[in-house]
Amino acid sequence: MATVLASKQKVKKSSLAKRNLQKLLNNKLAVFGLIVVTAMILACIAAPLLTPYDPMKISLSERDLEPSSNHLFGTDKLGRDVFARTLYGGRMSILIGLSGAIGGMLLGVIFGSLCGFFGGTLDAIFVKIAELVSVVPQLLLVLVLSTFLGAGVQNLIYVFMFTGWVATFRLVRGRFFSLREESFVEACRAFGIGNLSIAFKHILPNCLGPVAVQLTLNTAGFILQEAALSFIGLGVPSGVPTWGNIMNAAKEIIVITQSPWLWIPPGIAIALFVLGVNSLGDGMRDVLDPSQL
Amino acid sequence: MNKQDYILSINDLKTQFKIGKRVVKAVDGVTLNVRRGKTMGLVGESGCGKSVTAHSIMQLLPKAGSIKEGEIIFRPQNSEEFDIAKYRKTDKKLRNMRGRQISMIFQDPMSSLNPVYRIGDQIIESIIQHERISKKAAIKRTVDMLEMLSIPQADKRIMDYPHQFSGGMKQRVMIAMGLITNPELLIADEPTTALDVTIQAQILELMQQMQEQLGFTIIIITHNMGIVADMADDIAVMYMGKIMEFGAKEDIFLRPTHPYTRALLKSVPVLGNGGNDRLEPIRGTTPDPSDMPEGCSFMPRCDLATEKCKNAPPYEDVGNGHMVRCWYAKGGAANE
């Protein structure tokens, strides 16, 4: 339905987008987040252009080198270029965080909409499941699941989806409870519009602002969790470079004190990206509310 | 009068709400006939069951509410009459009826529109819901309808979002949504309560103009005697889930017979009518609907109440279809 008019007048549509963009640009924190996130994603995507090294290639003649013009962030104990590994590792870390968060969001939105709209037994069942998932300490749950499913990028994403839908579910369900009493919902009924259409087409778009914010929070959270899991060796198999896997090398005291270039770059990358994503999410919350000028 | 002259006949409608173990009889035996092409005003205090009656007609009751008894016969012009009360809330027949044959507009225009969609899209959706029509034709019809409702620059304003409209404009949009499918019956549930007085008059006038042009029937629900005096052809006065008095506008205003109607008329100011008279509020408050008194429900507040009133009074015709539910209706004490 929204597309009927959008196709008619492109100009006017872009004016709303323009207004939203303006609102986003006025928020300094959000602009900072947007720049950091975009720059880092672009750098990770363009990794082959930024560095000639292969992140997996072992070169025993170049072990443990300090940062130099040749190797920007130095090399690790197997002679792999840390700069290349940080860039390529970013690809995997962001992919895992984002797909885990998106998957969790989809589950949360679907369950949350249905439960929030229809209530009743369905709702009771899902609330109990959500409680079950959230009373177990999350790290423990992730640990159990990842040992169960085995290490691997895909499995890690499934694990994050399974643990990550609860927050979105609660959010959407709660919004639905208040929105379904609004008189526009009653008006929809009075115009003969069906239940599923009311739930997904009319109520759901009113919840998407907070959901988008939750998505960014989850993305950041999962990147941190991936790093933590990989650091203790339970996340992604050590062959695949991720920010967490790179930091894995810093488990030994000697590395922390003697070769700071091994853990500072991925550490900063994680911190910066998470910070950027969170500030962007904050800014989006203000922008995505159409009733707010 | 012929049966076909009534677009809607409600017979002994009883709608109840079950809240825990308590049963609230919100509508307790309403009988009403609505004349085709006319305007019927349903008036009464807050909580007397006006809105529940309207929602029962659309079968839009909340989960706790249900129609327990009675029939609601709807007689569309071009199809078979049917009893709305016999269908389930979710029945396809009712879904097709809502918005297509009977439309409803609500009290609060501020929250009756979905804030995330353009108003044009919302109006178009109610066309698409019921008709197969090209996008272009739908847009044109929307613009025409908004122009009829005197919204300036309608072709541009359909691209706006609800927050860009004022309250009166939003109510016009709601009316447009209700009328775009050419319904036969429009139920307006306190359509102007949330608007300021000047806008109220505009909206009511617009509704009357549209009625003249399109010929639909209006049921207007309000607690404002001024509005029914202005708009309605027939008036039903409701109290505690029952119709206390029903009649043509003249009957109700010039020959009010039920003590409640008389009290109601005395409690509202009439412009240019005895500026120094004090208004008389109705004494007491409405009884708890889950614990209704025996007999006449107005008895505890009525000045004329006697022993007789402990039995439920009959609903009688006192002449020309002027119906009254009172022991003293026929030349009794009420006509002192």
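Described in the following lines is the structure provided in the data block. (Residues numbered from 1 in each chain as written. Chains lettered and ligands numbered in written order. Predicted model: local features only at pLDDT ≥ 70, side-chain atom pairs only at ≥ 80, totals over all residues. Heavy atoms only, no water.)

As a further point, take the overall build of chain A. Helix and strand content of chain A: 14 helices and zero strands. In sequence order, the secondary structure elements of chain A are arranged as α-α-α-α-α-α-α-α-α-α-α-α-α-α. Looking at chain A as a whole, 46% of its 293 residues qualify as buried. The contacts of chain A with a sequence gap of at least 6 include a subset with a gap of at least 24, amounting to 70%. Split by element, the accessible area of chain A, about 14,000 Å² in all, is 69% carbon and sulfur. Averaging the locations of the 23 positively and 16 negatively charged side chains of chain A gives two centres separated by 10 Å. (Helix = DSSP H or I, 4+ residues; strand = E, 2+ residues; numbered from the N terminus. Buried < 20%, exposed > 50% of the residue type's maximum accessible area, 1.4 Å probe, protein only. Contact = heavy atoms within 4.5 Å. Areas by Shrake-Rupley, 256 points an atom, 1.4 Å probe, with all protein chains shown as cover. Lys, Arg positive; Asp, Glu negative; His and termini not counted. Charge placed at Lys NZ, Arg CZ, Asp CG, Glu CD.)

Residues and elements named next belong to chain B. Two elements, strand 1 (residues 6-19) and strand 2 (residues 22-35), share eleven bridges in a ladder whose sense is antiparallel. Residue Lys14 lies in a different strand from strand 2, and its bridge partner there is Asp28. With antiparallel pairing between neighbouring strands as the criterion, strand 1 and strand 2 make up a hairpin whose turn holds two residues, including Gly20 at a positive phi of roughly 60 degrees. Sheet topology places strand 1 next to strand 4 (residues 65-74); eight bridges connect them, and they run antiparallel. Counted as the bridge partner of Ile10 is Ile72 from strand 4. (Pairing = 2+ DSSP bridges.)

Attention now goes to the packing of aromatic side chains. Using the criterion set out here, one finds 13 aromatic pairs over all chains in the structure. Measuring from centroid to centroid gives 4.4 Å for Phe111(A) and Phe126(A), while their planes differ by 35 degrees, and the two rings are tilted. With Phe111(A) in helix 5 (residues 82-118) and Phe126(A) in helix 6 (residues 120-135), this residue pair connects regions lying 15 residues apart in the sequence. According to the relative accessible area criterion, Phe126(A) is buried, its value standing at 18%. Taken together, a centroid distance of 5.4 Å and an interplanar angle of 85 degrees make the contact between Phe111(A) and Trp165(A) edge-to-face. Of this pair, Phe111(A) sits in helix 5 while Trp165(A) sits in helix 8 (residues 153-179), and the two are 54 residues apart along the sequence. For Trp165(A), a relative accessible area of 4% translates into the label buried. One aromatic cluster is present, built from ring pairs that chain together Phe111(A), Phe126(A), Trp165(A) and Phe169(A). The cationic tip of Arg325(B) hangs over the ring face of Tyr315(B); the distance from NZ or CZ to the ring centre is 4.6 Å. (Phe/Tyr/Trp six-rings, centres within 6.5 Å; stacked < 30°, edge-to-face > 60°. Lys NZ or Arg CZ within 6 Å of the ring centre and 35° of its normal.)

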